[in-house]
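Spelled out, the chains give:
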Amino acid sequence: MIKNNRDRILLMDRSKAGRKAFAFPSSDVPKQKLPDKQIIRTKISLPEVSQLEIIRYFTNLSRLNFSIDTNFYPLGSCTMKYNPKINDEIASFSGFQNIHPLQTTETAQGAIKLMRLLQEFLGEITGLKGVSLAPLAGAQGEYSGLLIARRFHSSKNNNHKNIAIIPDSAHGTNPASAAMAGLEVRTVKSDNNGNVDLTDLEKIIDEKIAVFMITIPSTLGLFEPNILKITEIVHKYGGLVYADGANLNALLGLIKLYDLGVDICHSNLHKTFSTPHGGGGPGSGPVMVIKELSEFLPSPVARIHKNFYELFTPENSIGKISSFHGSFGILVRAYSYIKSLGSQGLKNVSKNAIINANYLQSQLKKNYSLYSDRYCMHETVLSATKQKNKGVSGLDIAKRLLDYGIHAPTMYFPQIVDEALMIEPTESESKETMDNFIDVMKKIDLEINNNPEIVTTSPHSLPVKRLDEAKAARNPILTR
Ligand SMILES: *Cc1c(COP(=O)(O)O)cnc(C)c1O
């Protein structure tokens, strides 16, 4: 738990003339003529501090970071799971780390082979055998997949197909990516159980459909029981089915997206396949397609030809989506993660992720409302409407969790759930950690009855209190 430290000051403020942290050894570089006097600064204020002081300064600064390595991080949809350190270690092998993207193919055989094998793994996991590892994030994978859909329809002279139908329970990036890819978005409603409303779908679908884009499992953490019916309807109208598989954490070894009638999907390696992420990066969102769409994949795709690994650009490729070969370090981590778990291990990941989420849901549904009282997949969406009626919002509850050393869940998403708290424990948390979370959530519910101010004014224990969120984004103070 981070201690409140009001006295934190800038390194510069600790400066005392003459204090030194480090003495450089004498230089072995021959003396050079100094540049023109006019451009040499004579007054430079550098902090003068002792070595112990600078170590404490940076160590304390690093402890202000919240991370999966320090605390429980049930941030729904983000899959903040334990990322085995061995994957980091392997990614930092000098052969991987010091490789240059402009190196000749002959000297990069191992790296290209790794890409080729990872493509095969992802093809096997999703059942969609055409794979490009180029996209650098989930949203970029979506964008690539949608460009592939457009390219496919125009190759058939079906340029009138420009509609993307997207359920209201989709991830927020879906309609944004569709708009960026030049598609017009039509929203299909969810029914009372959180499923796609089939009557509404039949009403809005027509020959203009280019793609039906569905998040699987949905952002409600639910599996769509009518998925086979839905993909059949979409195909009947000549549309392609896009599955947002950013979160494969509930599907590994249990369901192949191809078997559900999916034509295109992406997956976030930085969620399901082990890469420390958060705070904006790094990411990797490979795109997977049925064989018939492989010719449109973004460049490069790795292949083996006469015992030689090489990168190539598919025949009718949508082109380059990123510079060079994607986030190579993340590809190494994903490869090593999949390889070390094996097929049975991956299946266990998903089974445990599902059991953990359902355990939390079953223990918390008395105190917090559920949008839909069904078994969930890798995450559960609670609704704090009962608490809201007592004057305490989902946001207040999320802030109060920070005082107990727990990261806030995803809030107010999906938008179709009032006061949503989206909770994803992942497979890697112990029963003790989850029991502690359950206790804390119940304790906060009690506090709301007995002493609501302690919740509405939280957090109390962090270096920064409640922020004016609009101001914090526009006018951030980053130095204290
Ligand atoms: C995280 C996520 C995305 C977006 O992925 P980024 O890498 O942040 O672009 C898209 N869809 C779903 C379902 C997600 O969980």
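Counting restarts for each chain: residues are numbered from 1 in the order of the written sequence. Local features are withheld for residues below a pLDDT of 70 in this predicted model, meaning they are given only at 70 or higher, and side-chain atom pairs are given and counted only at 80 or more; totals for whole chains, interfaces and linings count all residues. Hydrogen atoms and water are omitted, and side-chain values are computed over all heavy atoms in the structure.

A word on the overall build of the protein
Thought 1: A run of DSSP states H or I qualifies as a helix once it reaches four residues; a run of E qualifies as a strand once it reaches two. Both are numbered from the N-terminal end. Looking only at helices and strands, the protein has 15 helices and 13 strands in total.
Thought 2: Each residue gets one of three labels from its accessible area relative to the maximum for its type: buried under 20%, exposed over 50%, partly exposed in between, using a 1.4 Å probe on protein chains only. With 480 residues in all, the protein has 47% of them scored as buried.
Thought 3: Only heavy atoms matter for contacts: two residues are in contact if any of them lie within 4.5 Å across the pair. Excluding contacts between residues fewer than 6 apart, the proportion of contacts in the protein whose partners are at least 24 apart in sequence is 71%.
Thought 4: Surface accessibility follows the Shrake-Rupley procedure with a 1.4 Å probe radius. Residue values consider only the protein chains on display as shielding. Accessible surface, the protein as shown: approximately 24200 Å² in total, 53% of it carbon and sulfur.
Thought 5: Charge separation in the protein, taken as the distance between the mean sites of 55 positive and 47 negative side-chain charges, equals 7 Å. Working convention for charge: Lys and Arg count positive, Asp and Glu count negative, and His plus the chain ends are omitted. To locate a charge, the coordinates of NZ of Lys, CZ of Arg, CG of Asp or CD of Glu are taken.

Topic: the pattern of salt bridges
Thought 1: Basic side-chain nitrogens of Lys or Arg form a salt bridge, by our definition, when they fall within 4 Å of a carboxyl oxygen of Asp or Glu. Using the criterion set out here, one finds 17 salt bridges in the structure.
Thought 2: With a shortest N-O distance of 3.2 Å, E124 and K129 are connected by a salt bridge.
Thought 3: With relative accessibility at 47%, the residue K129 sits in the partly exposed group.
Thought 4: With its nearest N and O atoms 3.0 Å apart, the salt bridge here joins E124 to K256. Of this pair, E124 sits in helix α4 (residues 109-126) while K256 sits in the loop between β5 (240-244) and β6 (264-266), and the two are 132 residues apart along the sequence.

Section: the site of the ligand
Thought 1: Any residue with a heavy atom positioned within 4 Å of a molecule or strand is treated as near that molecule or strand. For the ligand, the set of nearby residues contains 14 residues, the closest of which are S77, G138, A139, D244 and K271.
Thought 2: The contact in question runs from a nitrogen atom of the ligand to an N or O atom on the side chain of H171, over 3.4 Å.
Thought 3: In protein, a polar contact requires one atom able to donate a hydrogen and another able to accept it; more generally it is a pair of N or O atoms within 3.5 Å, and residues adjacent in sequence count only if both atoms are side-chain atoms. Contact between the ligand and D244: a nitrogen atom at 2.6 Å from a side-chain N or O atom of the residue.
Thought 4: Across the complex, the protein chains shield 84% of the 390 Å² of accessible surface that the ligand would expose by itself.
Thought 5: Definitions used for this entry: grid spacing 1 Å over protein atoms alone; cavity, a set of points where a 1.4 Å probe fits but cannot get out; pocket, an open set with protein on both sides within 12 Å along at least 5 of 7 lines; lining residue, one with an atom within 4 Å of a point. Just a note on the criterion: a molecule sits in a pocket or cavity if more than half of its atoms are within 2 Å of the grid points. The cavity where the ligand resides is the second largest pocket.
Thought 6: The set of elements that each furnish at least two residues to the shell around the ligand consists of α5 (138-155) and α9 (269-272).
Thought 7: In terms of residue count, the dominant contributor to the shell around the ligand is α5 (three residues).

Here's the deal with the packing of α5 against helix α6 (residues 173-180)
Thought 1: Note on geometry: axes are C-alpha line fits, over the in-contact stretch for helices, and angles between N-to-C directions span 0 to 180 degrees. Their axes nearest at 9 Å, the elements α5 and α6 cross at an angle of 45°. The orientation of α5 relative to α6 falls into the category oblique. By crossing handedness, the relation of α5 to α6 is classed as right-handed. Touching A139, E142, Y143 and L146 of α5 are T173, N174, S177, A178 and M180, all from α6.
Thought 2: Classification convention: Asp, Glu, Lys, Arg as charged; Ala, Val, Leu, Ile, Met, Phe, Trp, Tyr, Cys, Pro as nonpolar; all other residues, Gly among them, as polar. Taken together, the residues that form the contact of α5 with α6 break down as five nonpolar, three polar and one charged. Angles are sorted into four bins: roughly parallel if under 35 degrees, roughly antiparallel if over 145, roughly perpendicular if 65 to 115, and oblique for all others. Should the near helix be turned anticlockwise from the far one by less than a right angle, the crossing is left-handed, and should it be turned clockwise, the crossing is right-handed.

Considering the sheet that holds strand β1 (residues 130-132)
Thought 1: A strand pair is defined by DSSP finding two or more bridges across the two strands. Within the open sheet, the seven strands sit side by side as β1-β7-β6-β5-β4-β2-β3. Their pairing is mixed. Of all strands in the sheet, those with a lone pairing partner are β1 and β3 (184-188), marking the two edges. On average, adjacent strands in this sheet sit at an angle of 20° to one another, irrespective of strand direction.
Thought 2: In terms of strand pairing, strand β2 (residues 163-167) meets strand β4 (residues 209-215) through three bridges, oriented parallel. If you follow I165 over to β4, its bridge partner there is F212.
Thought 3: α5 contacts β4, β5, β6 and β7 (287-289) of the sheet and is inclined by roughly 175° relative to β5.
Thought 4: The strands touched by α6 are β2, β3, β4 and β5; relative to β2, the strand with the most contacts, the crossing angle is about 175°.

This is a description of form; function is not addressed.
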